[in-house]
Amino acid sequence: EKSIGQRTLFLKKERTSFYRRLFLSSLYTWKQHKIFGNGIKSFYTDCHKLAGPDINIDEDEHSNKINLSCSNHPHNYYFQILTTTGIVGLFIIFIIGLLFVVFTFKNFKFIKKLDMANIILLSAVISFFLEMFPIRSTGSLYTTNNATYIILIGSIILSYKELLKVK
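Asker: Sorry if this is basic, but what is going on with the overall build of the protein here?
Answerer: For the protein, the helix and strand inventory stands at six helices and four strands. Going from N to C terminus, the protein has its helices and strands arranged as β-β-α-α-β-β-α-α-α-α. Burial analysis of the protein (167 residues in total) assigns 36% to the buried set. For the protein, contacts bridging at least 24 residues in sequence account for 65% of all contacts bridging at least 6. Carbon together with sulfur atoms contributes 64% to the accessible area of the protein, which is approximately 11300 Å² in total.

Asker: Would you mind going over a nonpolar patch on the surface with me for this structure?
Answerer: A contiguous nonpolar patch, built from Ile35, Phe36, Val88, Phe91, Ile92, Ile93, Ile95, Ile96 and Leu99 and spanning about 880 Å² of accessible area, is present on the exposed surface. Position of Ile95 among the secondary structure elements: in helix 3 (residues 77–107). A relative accessible area of 35% places Ile95 in the partly exposed class.

Asker: Whenever I open this one, the pattern of salt bridges confuses me. Can you help?
Answerer: Opposite charge on two side chains makes pairing possible when the charged atoms of those side chains draw close. As enumerated under the stated definition, the model contains three salt bridges in all. Linking Arg21 and Glu61 is a salt bridge whose minimum nitrogen-to-oxygen distance equals 3.6 Å. Pair noted here: Arg21 is in helix 1 (residues 18–30) and Glu61 is in the loop between strand 3 (55–56) and strand 4 (66–67), with a separation of 40 residues, a long-range link. Across this residue pair, the class does not change: Arg21 and Glu61 are buried. Ionic pairing is found between Asp46 and Lys49, a salt bridge with its closest N-O pair at 3.8 Å.

Definitions and limits used
- Residues numbered from 1 in each chain as written.
- Predicted model: local features only at pLDDT ≥ 70, side-chain atom pairs only at ≥ 80, totals over all residues.
- Heavy atoms only, no water.
- Helix = DSSP H or I, 4+ residues; strand = E, 2+ residues; numbered from the N terminus.
- Buried < 20%, exposed > 50% of the residue type's maximum accessible area, 1.4 Å probe, protein only.
- Contact = heavy atoms within 4.5 Å.
- Areas by Shrake-Rupley, 256 points an atom, 1.4 Å probe, with all protein chains shown as cover.
- Patch = residues over 30% accessible without salt bridge, like charges linked within 9 Å, V, L, I, M, F, W, Y side chains within 5 Å.
- Salt bridge = Lys/Arg side-chain N within 4 Å of Asp/Glu carboxyl O.

As C-alpha cells, then:
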C-alpha cells in the first residue's frame, strides 16, 4: 500500500467499488425478508445488522470477509423497491411499468408530424426511460425530488392521450 497525496494506491488488490458493495448489501438485506421486504426507509438499520464474523461493513476492506457498504438507501430504484417491499412490491412495480410501456408504444403510432407537443412527448419518454434505467446509480425513490420528477414526467406522458382528444 503506497500513499500518494490523499489517494491510496493498492498494489496487491484492486478495491471494490462503493456502489458494488452497496448493491451487494441491498441483496443481503433483501434476503432477510424476501416476500414482503423490510419496510420503507429501513435499509440503513437493517444493513448495519448484517455485520458479523463473515461480513464487514466498514470502509476498510478485509480479504477474508464479505465486504459490504451501508448507506441511507441502496442507490438504485430497483434494489430499493426490492429491499423495502420485497418480491411482491417489485412485481407490482413491474406490472405498472409494463402497462406504462404498452401505453407509450400504443400511443406513439399517433405521432405523424414533428410539432411542439410531439417533441415534448418524445423528450419526456426519453427522459423517463433514462431515469428508470436499471443499471445505474440513483437517489432514493422515496425522496421528494426523485419521486416528484418521476411522477411529473409520467404525467406528461400519460396526458398526451388527452391532448390527442382535444386536437
